[in-house]
Amino acid sequence: MSDTQQTLMPLHSPDPDDNDESPPNQPQPASPDPTRTGTGTAIATAPSLLHLSFNQDSGCFAAGTDRGFRIYNCDPFREIFRRDFGPGGGTSLVHMLFRCNILAFVGGGPDPRHPPNKVMIWDDHQSRCIGELSFRSEVKGVRLRRDRIVVVLAHKIFVYNFADLKVLHQIETIANPKGLCEVSHLSGTMVLACPGLQKGQVRVEHYASKRTKFIMAHDSRIACFSLTQDGRLLATASSKGTLVRVFNTLDGSLLQEVRRGADRAEIYSLAFSPTAQWLAVSSDKGTVHVFNLKVDSGLLGLDRSNSSSESNPSSPTAVSSLKFMKGLCVLPKYFSSEWSVAQFRLQEGLQHIVAFGHQKNTIVILGMDGRYFQ
């Protein structure tokens, strides 16, 4: 796992220093300090990495392997605990519930611990599964809130009450092989975003107001999307991967459009900063882009009082220098695009996921090659 320091500024060389449902002991000590090399820190050597996911506040992340799972703290980077089940312990999905002892995982890999059509609810204080949810088809995704469990199948999404595992809602979707689904995490109100029934459409469920909003985000299929913590903003990317759009989930209005690049790319992750001042995007092009968002934080009830750079003229949204010519119809929209204000270059073609760190103006990047960047 590479451990490099990088703030949200133009890239510098990294420092290698440091569809039917059937509802369903103490942590092992962390291993000694991981082996350090000239390029960083290794998460795991022997097990094969199958899955990575941040917890709800991005302060920790979980790694599913072909032998079990491991939990890490992001800053400072360290392993918190692991569950190695040995051969036959394959875990293809694993998700934390903030920093508590409850996790959800799904078996996978060449030798899965559990069938891939079951979601296992794990209590690490008891070192055992305390519940399970079974389905007729493979589970594609899982999302957790303190009060809800959301399970994503290829064409359907189930919302369960966490306390008794009763089904509260079922949603039909277009084919969803990636298991795309996001939920808000503020207590009291729940917002859920998932693919709609049409190509390029995102369905947003506002459970507090019992409203459903359909947003035609793109002409091509949806590749990735993300919600803010309160669920009021939605960022989307299509299979083309050139543009990222930010919507107001309450009325479906388009608030901003930014450009990742001109060439097609597969978008792996989108992440809002806690105050929705920044948006980070990772793709198969090997570059993480950070965009400056211009959303009216007052209208959305977001507090940016601790982010002085929001009004700092030294960090404007990057716009093409040819924008003054945008009135000429002969020029494509490309020339008036808003571009990223910071980039971090990684290995091209490798899957990375990104989140914002708890320190001001930092991002955390996890790679499926077992590398960690901050």
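The coordinates are above.
Treat the numbers as computed from the prediction; the structure is a model and nothing was measured.

Colleague: Even after reading the chapter, I still don't get the overall build of the protein chain, so can you show me in this structure?
Modeller: Helix and strand counts for the protein chain come out as one helix and 32 strands. A total of 374 residues make up the protein chain; the buried ones form 54% of that total.

Colleague: I'm lost on the environment of S92 in this one. Help?
Modeller: Along the chain, the position of S92 falls in strand β8 (residues 91-96). The spatial distance from the C-alpha of S92 to the C-alpha of G107 is 5.5 Å, given a sequence separation of 15 residues. Leave out the neighbours within four places in its chain, and S92 touches L50, H51, V106, G107, G108 and G109. A polar contact of 3.2 Å, which involves the side chain of S92, links it to the backbone oxygen of G107.

Colleague: What should I look at first to understand the pairing of strand β14 (residues 156-161) in this one?
Modeller: Within a regular strand, the side chains alternate between the two sheet faces. In terms of residue burial, β14 counts as a mostly covered element, since six of its six residues are buried. The alternating pattern of β14 places K156, F158 and Y160 on one face and I157, V159 and N161 on the opposite face, and all of these are buried. Of the strand pairs in this sheet, strand β13 (residues 148-152) and β14 are connected by five bridges, and their pairing is antiparallel. Within β14, the residue paired with I149 across the bridge is Y160. Taking the residues between adjacent antiparallel strands as the criterion, β13 and β14 are bridged by three residues.

Colleague: Honestly, the nonpolar core in this entry has me stumped. Any pointers?
Modeller: Within soluble globular proteins, side chains that are nonpolar tend to cluster in buried spots. Ranked by internal contacts, the top residues of the largest apolar core, which has 20 residues, are V119, L133, F135, V139, I149 and V151. Every element with two or more residues in this core is listed here: β9 (102-107), β10 (118-123), β11 (128-135), β12 (141-144), β13 and β14. The element best represented in this core is β9, accounting for three residues.

Colleague: Can you help me understand the sheet that holds strand β24 (residues 267-272) in this one?
Modeller: Hydrogen bonds between backbone atoms are what pair the strands of a sheet, whose relative direction is either parallel or antiparallel. The sheet built from four strands is open, its strands ordered β24-β25-β26-β29 with antiparallel pairing. With partners counted over all chains shown, the strands left at the sheet margins are β24 and β29 (342-345), one partner each. Here the strands of the sheet are splayed against their neighbours by 15° on average, with no regard to which way each runs. Examined bridge by bridge, strand β26 (residues 287-292) and β29 share four bridges and lie antiparallel to one another.

Cut-offs used in this document
- Residues numbered from 1 in each chain as written.
- Predicted model: local features only at pLDDT ≥ 70, side-chain atom pairs only at ≥ 80, totals over all residues.
- Heavy atoms only, no water.
- Helix = DSSP H or I, 4+ residues; strand = E, 2+ residues; numbered from the N terminus.
- Buried < 20%, exposed > 50% of the residue type's maximum accessible area, 1.4 Å probe, protein only.
- Contact = heavy atoms within 4.5 Å.
- Polar contact = N/O pair within 3.5 Å; in protein donor to acceptor, adjacent residues only side chain to side chain.
- Pairing = 2+ DSSP bridges.
- Core = buried A, V, L, I, M, F, W, Y, C linked by side-chain atoms within 4.5 Å.
- Axes fitted to C-alpha atoms, helices over the stretch in contact; angles between N-to-C directions.

Read these as layout, nothing more, since geometry by itself doesn't imply function.
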